[in-house]
Amino acid sequence: AITASAQVQSRQSSAVFGIGGLGIHAVQLLKIIGSDPIIAVDPLLQARERALAVGADLALDPSDPEFSKKIRTATQGRGIDAAFDFAGVSAVRTQALPLLAECGRLVIVGIASEPIVIPNDMAFAYKRNQILGHYGSEPHHTQELVELIRVGKLDLSGSITSIMSLEDAGDALKQLEQKIGNPIRIVLKP
């Protein structure tokens, strides 16, 4: 989503909406690429704190009345070059689209199964914005991640909240769904 679909380059601004398992990894990868600033967006304080700990420059609550103003300030008025919807929530798209920079991209990773509405097609066309879909990855992407881990540039171990037995899968899903204990990833072990 970051390198293939959005083609984020060094010094381009980014916003990661949804700091769960994928979102926290996105923040780390954007840091490696040199995105600047990296803005993490999540309603949960713990998720925002987690994002700051792994390299986000700014972490915002999407319900903050000053949200748009803070995005504009952080990007020196330009807007977001690449926004990523990892949450799969229609409100993310509504909030992100008007904040895109000229030639800005909104990349849909989280699935909401709802229509995407462009709030102002004149502004969207004038700024040459794009909405891109992204699903999954190719084998070479996994190889790239393994290499980043091997050379010490990327550490995903902090994403594993707990390891549970396969018999406890129901409890694991409940913890993830209800955000019990601020989970990121739960590994099920047979």
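This text goes with the structure placed above it.
Residues numbered from 1 in each chain as written. Predicted model: local features only at pLDDT ≥ 70, side-chain atom pairs only at ≥ 80, totals over all residues. Heavy atoms only, no water.

### Comments concerning the nonpolar core
Thinking step 1. Ile2, Val8, Val16, Ile19, Val27, Leu30 and Phe84 are the most contacted members of the largest nonpolar core, which has 23 residues in total.
Thinking step 2. Every element with two or more residues in this core is listed here: helix H1 (21-33), strand E2 (38-41), helix H2 (45-53) and strand E4 (80-85).
Thinking step 3. For this core, the element with the most residues is H1, which contributes five residues.
Thinking step 4. With residues near it in sequence (within four places) discarded, Val27 still touches Val16, Ile19, Ile38, Ala51, Val54, Gly55 and Ala56.
Thinking step 5. In this structure, Ala15, Ala96, Leu99 and Ile108 belong to the second largest nonpolar core, which totals 17 residues. (Core = buried A, V, L, I, M, F, W, Y, C linked by side-chain atoms within 4.5 Å. Buried < 20%, exposed > 50% of the residue type's maximum accessible area, 1.4 Å probe, protein only. Helix = DSSP H or I, 4+ residues; strand = E, 2+ residues; numbered from the N terminus. Contact = heavy atoms within 4.5 Å.)

### Structural notes on the packing of aromatic side chains
Thinking step 1. Within this structure, the stated rule accounts for two aromatic pairs.
Thinking step 2. With centroids separated by 6.3 Å and ring planes inclined at 55°, the aromatic side chains of Phe17 and Phe67 adopt a geometry described as tilted. Here Phe17 is found in strand E1 (residues 14-17), whereas its partner Phe67 is found in helix H3 (residues 67-74), with 50 residues between them in sequence. Phe67 shares its class with Phe17; the two are buried. (Phe/Tyr/Trp six-rings, centres within 6.5 Å; stacked < 30°, edge-to-face > 60°.)

### With respect to unusual backbone geometry
Keep in mind that most residues, glycine aside, have a negative phi and that most peptide bonds are trans.
Thinking step 1. Looking along the chain, the bond that leaves Asp36 and enters Pro37 is cis, with omega of -5°.
Thinking step 2. With respect to the element layout, Pro37 can be found in the loop between H1 and E2.
Thinking step 3. Positive phi values are uncommon outside glycine, yet Cys103 reaches one of about 65°.
Thinking step 4. By the secondary structure assignment, Cys103 is in strand E5 (residues 100-108).
Thinking step 5. Its identity is not glycine, yet Lys179 carries a phi of approximately 55°, on the positive side.
Thinking step 6. Residue position: Lys179 is located in the loop between helix H7 (169-178) and strand E8 (185-189).

### A short note on H2
Thinking step 1. Turning to H2, its buried residues number three or more, namely Ala47, Arg48, Arg50 and Ala51. Projection of H2 onto a plane perpendicular to its axis shows the buried side chains occupying an angular sector of 160°, all on one side.
Thinking step 2. Here the buried face of H2 lies against H1, E2 and strand E3 (58-60).
Thinking step 3. Residue Gly55 follows H2 closely and has a positive phi angle near 125°. (Arc of directions from axis to C-beta.)

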